[in-house]
Amino acid sequence: MRLVRLALLAVLVGALALVGIPAQAAAGPYTALGDSYSSGVGSREYYPDSGDCHRSPHAYPVLVGQSLGAPLTFAACSGARVPDVLNQLGSLSASTAYVTVSVGGNDAGFADVITQCALPWPWTCTTEINNANNYIRNTLPGLLDDLYTRIGVRAPNARVAVVGYPRLFNGEECNPAARISPAEQSSLNQTADLLATTTAARASAHGFDFVDVRTAFNGHAVCDDAEWINGLSNPVLESYHPKAVGQSSGYAPLVRNQLALAIDQQTPQRTL
């Protein structure tokens, strides 16, 4: 009986091959959009031809694309704001299967805020943090709505994952050259929370997934024993960005698992 079953299985597999039905659907094209957190700044190794975009072979889009077996268009670029990401959409089409995008931190001026916070006493950054929070509440949602609408129109069949940012700090001061007080660190983490909830709300409104990495980075902030995020670094570009381990252990598993739902379901997560 077992031999008969094996023979029938062989016949069935052969028949499927003849009519062109694959045993498992292959992963479709994947486009990674966004800023330095998507391009892989902080990992300290970059593709030579990526120039100022600082795209890294250790960035989560590369790792996720390899894991899914999806051909990757790596458009993310260091320093990108929403208007810059609008110029990264050229590869999107009806055949695009996956899209990831991280953006908003530069629009809110987060790098400049941290720079101000790092200045020695008596300088403070309360005004800068408040300005960033107001921007996130009042201006960023409209910019994200426009961007997400354009992504949806250009890639109507794609599963789109909007990828968030981690909290950077744990309240400790371990770098004398960057004096960011525990109170300032707490305020900066609250800004990261505001950015996450704001971005998640706009993603949901467009039928996109939101990949929240904050919990994954708990215990791995700047100054933690198992640090996945660079503190003040040389070169300065690397500062306050995920290390290679942050990309591979923090970002990549969450993003990969979210996009893999499309393979399991074989349907996009929304209709237009």
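The structure presented is a predicted model; accordingly, all values stated were derived computationally and were not measured. (Residues numbered from 1 in each chain as written. Predicted model: local features only at pLDDT ≥ 70, side-chain atom pairs only at ≥ 80, totals over all residues. Heavy atoms only, no water.)

A. Quick peek at the layout of surface pockets. Considered as a void within the structure, the largest pocket measures approximately 580 Å³ in volume. If you go around the largest pocket, you meet 29 residues; those closest to its centre are Phe110, Ala111, Ile114, Ser239 and His241. Counting only elements with at least two residues in the lining of the largest pocket, the list comes to helix H2 (36-39), helix H5 (110-117) and helix H8 (182-205). Tallied by class, the residues present in the lining of the largest pocket amount to 18 nonpolar, 10 polar and one charged. (1 Å grid on protein atoms, 1.4 Å probe; cavity = no way out; pocket = protein on both sides within 12 Å on 5 of 7 lines; lining within 4 Å. Points joined across faces, edges and corners; volume = space filled by probe spheres on them. Helix = DSSP H or I, 4+ residues; strand = E, 2+ residues; numbered from the N terminus. Nonpolar A, V, L, I, M, F, W, Y, C, P; charged D, E, K, R; others polar.)

B. Structural context of the side chain of Asp209. Tracing the backbone through its elements, the reader meets Asp209 in strand E5 (residues 209-211). Classification of Asp209 as buried rests on a relative accessible area of 14%. Polar side-chain contacts of Asp209 include one of 3.4 Å to the side chain of Gln258. (Buried < 20%, exposed > 50% of the residue type's maximum accessible area, 1.4 Å probe, protein only. Polar contact = N/O pair within 3.5 Å; in protein donor to acceptor, adjacent residues only side chain to side chain.)

C. Local environment of the state of the cysteines. All told, the structure shown has three disulfides when counted by the stated rule. Between the sulfur atoms of Cys53 and its disulfide partner Cys77 the distance amounts to 2.0 Å. Looking down the S-S bond of the Cys53 and Cys77 bridge, the torsion is -85°, so its handedness is left-handed. Of this pair, Cys53 sits in the loop between H2 and helix H3 (60-68) while Cys77 sits in the loop between strand E2 (72-74) and helix H4 (82-86), and the two are 24 residues apart along the sequence. Each member of the pair, Cys53 as well as Cys77, is classed as buried. Residue Cys117 pairs covalently with Cys125 via a disulfide, S to S 2.0 Å. (Disulfide = S-S within 2.5 Å.)

D. Fine view of the pairing of strand E1 (residues 30-34). The element E1 is largely enclosed, with a buried count of five among its five residues. In E1, alternate side chains face the same way, and those of Tyr30, Ala32 and Gly34 on one face and Thr31 and Leu33 on the other are all buried. Where E1 meets E2, three bridges bridge the pair, whose relative direction is parallel. The residue bridging Tyr30 from the neighbouring strand is Leu72, located in E2. Note: E1 against strand E3 (residues 98-102), five bridges, orientation parallel. Directly across from Thr31, in E3, lies its bridge partner Val99. (Pairing = 2+ DSSP bridges.)

E. Region of interest: empty space enclosed by the protein. A full pass over the atoms with the stated rule returns two cavities of 30 Å³ or more. The space that makes up the largest cavity amounts to roughly 80 Å³. In this structure, the largest cavity is lined by 13 residues; those nearest its centre are Asn175, Ala178, Val222, Cys223 and Tyr240. A breakdown of the residues in the lining of the largest cavity according to their chemical character gives eight nonpolar, three polar and two charged. Space inside the second largest cavity adds up to approximately 40 Å³. If you go around the second largest cavity, the residues you meet are Ser102, Val103, Val162, Val163, Gly164, Tyr165, Leu195, Ala196, Thr199 and Phe210. Listing elements by their share of the lining of the second largest cavity, those giving two or more residues are strand E4 (159-163) and H8. For the lining of the second largest cavity, the element with the most residues is H8, which contributes three residues.

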